[in-house]
Amino acid sequence: MREFEYVRAGEVGQAVATVTADPDASYLAGGTTQIDLMKDGVLEPDRLVDITRLPLAGVARDGDVLRVGALTTMEELAADPTVTVRLPFLREALLLGASVQLRNMATIGGNLLQRTRCRYFRDPTVPACNKRHRGSGCAAVRGVARMHAILGASEHCIAVHASDMAVPLVALHAVVHLRGTGGERSVPLTEFYRVPGDTPDVENVLTHGELITAVDIPLLPPDAHSTYLKIRDRVSYEFALTSAAVALRFDGGVIGEAHVALGGVGTIPWHAPEAERALRGLPPSLEVFTAAAEAAVRDPFTVEGTAFKVELVKRTLVRALRTAAGGAS
Amino acid sequence: MRVAVTLTVNGVDHRLDLDSRVTLLDALRDGLGLTGTKKGCDQGACGACTVMADGKRVLSCLTLAAQCEGRAITTVEGLAADGVLHPVQEAFVRHDAFQCGYCTSGQIMSAVCLLAEGRAGSDAEIREFMSGNLCRCGAYPNIVKAIREVRDRMGAGDRDA
């Protein structure tokens, strides 16, 4: 690990100013991605600004919105009573991610900004990684790519955004609050992430030094039915091969409201508005769910290792929809 | 670069002058000689380095020592009181819940927390919420038995467990 200066931030504005002024400075919160990648030599900040003492933790309800401080841990959010009752699929996604130890460390802001698990990104001895060095190529497209993306992917990059939590959050149109030296702004999570294109090193709309301070999560209606289905190679403590976050609210005999997003398959947490449109106004049926899954997985980019995910993610979504619809009867 | 840290480990304050890169795991083992906490993968994948920070289980390999100023750290050495093993330690011995033993202190720290979290309701729940601790010898069945026994004794009124 390269040497760095450790700074403990005492105040939000000071932390933002410190990191913004130094192009080689980074924030440190839970550390579960940051320290790991520093050990691997992938991240080499010369200064780490520890923000864990800043007053940015805690969950507060304001009407039908839950405001979650960026330093709230995954375990804390999963234990929140409002999440249990009004965002059950978010709770499921949180508890199906990582382990208790990691969830006690990892923060909501850090979870959104976690870096990909792509082994070629995480190994600096591999020269070809457009995410580490723009224009250097992508080793994964010709490598071992079982855990990689098929949506938002291209020959430039097939690295997955591995967050489970972010999948229901994009389905819910959560809003991220940011603080920079010039003030505050809010960005819908559906517009926060950037698909890689030919600049996979640019992962989101953050400018250097901008800090996530909170996330606003709209609550589901009390009569909605939601589920998070995660398919993986072992039953626990494993990243998703595919996953689906689904919330449905029925209006008479038809689907009145639908929220759909996919995980394990996207270069970003993959919101599927096409699937939502294919569901709205129709009665739940296998045919409708299958059509929604077809709509969600358009133009996949596959390599040998990821071709199986096209069918698997459609089936994952259909099963999640059936589960959610089953809960309606 | 150096950083001054006071680590509170098992109730005792230690004033340390550390390289900023030192993890809590290395500070415990190399700085304080508390080698009960084990270094397995050193990348947050195996759980061997599990300790408690302010009563919650965390991975000491992905925690910088400098971040722990003012936080109460508990390691496996801090579980026994007056030479008497913690009920979870006792149960691990009784049920032979290990083979090589390398993952055991992490398993025990996690199990103590699991019981405090109220997540030992069924074998399936124990397995799920212990899944962050890998055992390459495959001692899982006896680990579950040991935890189950302590849970049942707690349920019988032994709240000191």
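Note that the structure is a prediction, hence the values are computed from the model and not measured. (Residues numbered from 1 in each chain as written. Chains lettered and ligands numbered in written order. Predicted model: local features only at pLDDT ≥ 70, side-chain atom pairs only at ≥ 80, totals over all residues.)

Visitor: Teacher, can you tell me more about the overall build of chain B here?
Guide: Secondary structure assignment for chain B yields five helices and five strands. Tracing chain B from N to C terminus, the helices and strands come up as β-β-α-β-β-β-α-α-α-α. For chain B, whose C-alpha radius of gyration is 16 Å, the value lies close to the compact-globule estimate of 15 Å for 161 residues. Principal-axis analysis of the C-alpha atoms gives chain B an extent of 50 × 30 × 25 Å. (Helix = DSSP H or I, 4+ residues; strand = E, 2+ residues; numbered from the N terminus. Rg over C-alpha atoms; globule rule 2.2 N^0.38 Å.)

Visitor: Honestly, the overall build of chain A in this entry has me stumped. Any pointers?
Guide: Along its length, chain A carries eleven helices and twelve strands. Against the 2.2 N^0.38 benchmark of 20 Å for 329 residues, chain A shows a C-alpha radius of gyration of 19 Å, consistent with a compact globule. Principal axes of the C-alpha set define a box for chain A whose edges measure 60 × 50 × 35 Å. Expressed as a percentage of its 329 residues, the buried residues of chain A come to 53%. (Buried ≥ 20, exposed ≤ 12 C-beta atoms within 10 Å, placed from the backbone.)

Visitor: Can you help me understand the interface of chain A and chain B in this one?
Guide: When the parts of a complex come together, some accessible area is lost, and that lost area is often taken as the interface size. Taken together, the 20 residues of chain A in the interface contact 21 residues of chain B. Those elements that place two or more of their residues in the side of chain A that touches chain B are strand E1 (5–8), helix H2 (34–39) and helix H6 (100–105) of chain A. For the side of chain A that touches chain B, the element with the highest residue contribution is H6(A), accounting for five residues. Per-class residue counts for the side of chain A that touches chain B are eight nonpolar, seven polar and five charged. (Contact = placed C-beta atoms within 7 Å. Nonpolar A, V, L, I, M, F, W, Y, C, P; charged D, E, K, R; others polar.)

Visitor: Can you help me understand the sheet that holds strand E5 (residues 72–74) of chain B in this one?
Guide: Remark on secondary structure: sheet strands pair via backbone hydrogen bonds, oriented parallel or antiparallel. Residues and elements named next belong to chain B. Strand order in this open sheet of five strands is E2-E1-E5-E3-E4, and the pairing throughout is mixed. Edge positions in the sheet fall to strand E2 (12–19) and strand E4 (56–59), since each has one partner strand and no second. Looking at each pair of strands side by side, their axes are set apart by 40° on average, direction ignored. In the sheet, strand E3 (residues 50–53) pairs with E5 via two bridges, with the strands oriented antiparallel. Opposite Ala53, over in E5, you have Ile73 as the bridge partner. Packed onto the sheet, helix H1 (residues 24–31) meets strand E1 (2–9) and E2 and runs at close to 105° relative to E2. Those strands touched by helix H3 (residues 104–117) are E3 and E4, and its axis lies near 40° from that of E3. (Pairing = 2+ DSSP bridges. Axes fitted to C-alpha atoms, helices over the stretch in contact; angles between N-to-C directions.)

Visitor: I tried to follow the nonpolar core on my own but got confused; where do I start?
Guide: Most often, soluble globular proteins have nonpolar side chains that are buried together. All names here are of chain A. Ranked by size, the top nonpolar core spans 158 residues in total, and within it Val49, Leu262 and Leu317 carry the most contacts. With seven residues, the top contributor of residues to this core is helix H11 (residues 308–326). Those residues within four positions of Leu262 in sequence are excluded, and the remaining contacts are Val167, Ser243, Ala244, Trp270, Ala272, Ala296, Val313 and Leu317. (Core = buried A, V, L, I, M, F, W, Y, C linked by C-beta atoms within 7 Å.)

Visitor: Just to check I follow, could you spell out the packing of helix H2 (residues 87–94) of chain B against H3(B) for this structure?
Guide: Relative orientation and spacing of two packed helices are given, respectively, by the angle between their axes and the distance between those axes. Residues and elements named next belong to chain B. In the contact formed by H2 and H3, the axes pass within 9 Å of each other and the chain directions differ by 130°. With respect to H3, the axis of H2 lies oblique. Considering only the axes of H2 and H3, their crossing is right-handed. On H3, the residues that touch Val88, Gln89 and Phe92 of H2 are Thr104, Ile108, Ala111 and Val112. Within the contact of H2 with H3, the residues separate by chemical class into five nonpolar, two polar and no charged. (Parallel < 35°, antiparallel > 145°, perpendicular 65-115°, else oblique. Left-handed = near helix turned anticlockwise from the far one by under 90°.)

Visitor: I tried to follow the pairing of strand E6 (residues 175–180) of chain A on my own but got confused; where do I start?
Guide: Regular strands place their side chains on alternate faces of the sheet. Residue and element names in this part refer to chain A. Counting buried residues along E6, five of its six residues qualify, which places the element largely inside the surrounding structure. The pairing of E6 with strand E7 (residues 183–188) spans six bridges and is classified as antiparallel. Opposite Val176, over in E7, you have Val187 as the bridge partner. If you look at the hairpin formed by E6 and E7, you'll find two residues sitting between the two strands. Both E6 and strand E8 (residues 211–218) contribute to a ladder of five bridges, which runs antiparallel. Residue pairing across strands places Val176 opposite Val215, the latter belonging to E8.

Visitor: What should I look at first to understand the sheet that holds strand E4 (residues 59–62) of chain A in this one?
Guide: All names here are of chain A. Taken together, five strands build an open sheet; the order of strands is E4-E5-E8-E6-E7 and the sheet is antiparallel. One side of each edge strand has no neighbouring strand; the edge strands of this open sheet are E4 and E7. Strand-to-strand twist across the sheet, computed as the mean angle between neighbouring axes with direction ignored, equals 25°. Direction of pairing for strand E5 (residues 65–69) relative to E8: antiparallel, over a ladder of five bridges. Counterpart to Leu66 in the pairing with E8 is Ile217. The sheet contacts of helix H1 (residues 12–21) involve E6 and E8, and relative to E6 the element is tilted by about 75°.

Visitor: What am I meant to see in unusual backbone geometry here?
Guide: Across residues other than glycine, the phi torsion is negative in most instances, and most of the peptide bonds are trans. Residue and element names in this part refer to chain B. In the Ramachandran plot, Asp54 falls in the positive-phi region, its phi being about 50° despite a non-glycine side chain. Taking the number of C-beta atoms within 10 Å as the measure of exposure, Asp54 has 13 and is therefore partly exposed. Phi angles above zero are rare outside glycine, and Asp82 is one such case at about 50°. For Asp82, the location among the structural elements is in the loop between E5 and H2.

Visitor: I tried to follow the environment of Arg122(A) on my own but got confused; where do I start?
Guide: Residues and elements named next belong to chain A. Assignment of secondary structure puts Arg122 in the loop between helix H7 (108–112) and helix H8 (166–171). Sequence spacing of Arg122 and Ala291 is 169 residues, and the spatial spacing of their C-alpha atoms is 37 Å. Those residues in contact with Arg122 that lie beyond four places of it in its chain are Leu37, Asp40 and Val42.

Visitor: Is there a simple way to explain the confidence of the model for chain B in this structure?
Guide: Where the model shows low pLDDT, its predicted coordinates should not be examined in detail. Across chain B, pLDDT averages 96, with 96% of residues at or above 70. The low-confidence segment residues 157–161 of chain B, where pLDDT is below 50, has six contacts with residues more than four positions distant or belonging to other chains. (pLDDT = per-residue confidence, 0-100.)

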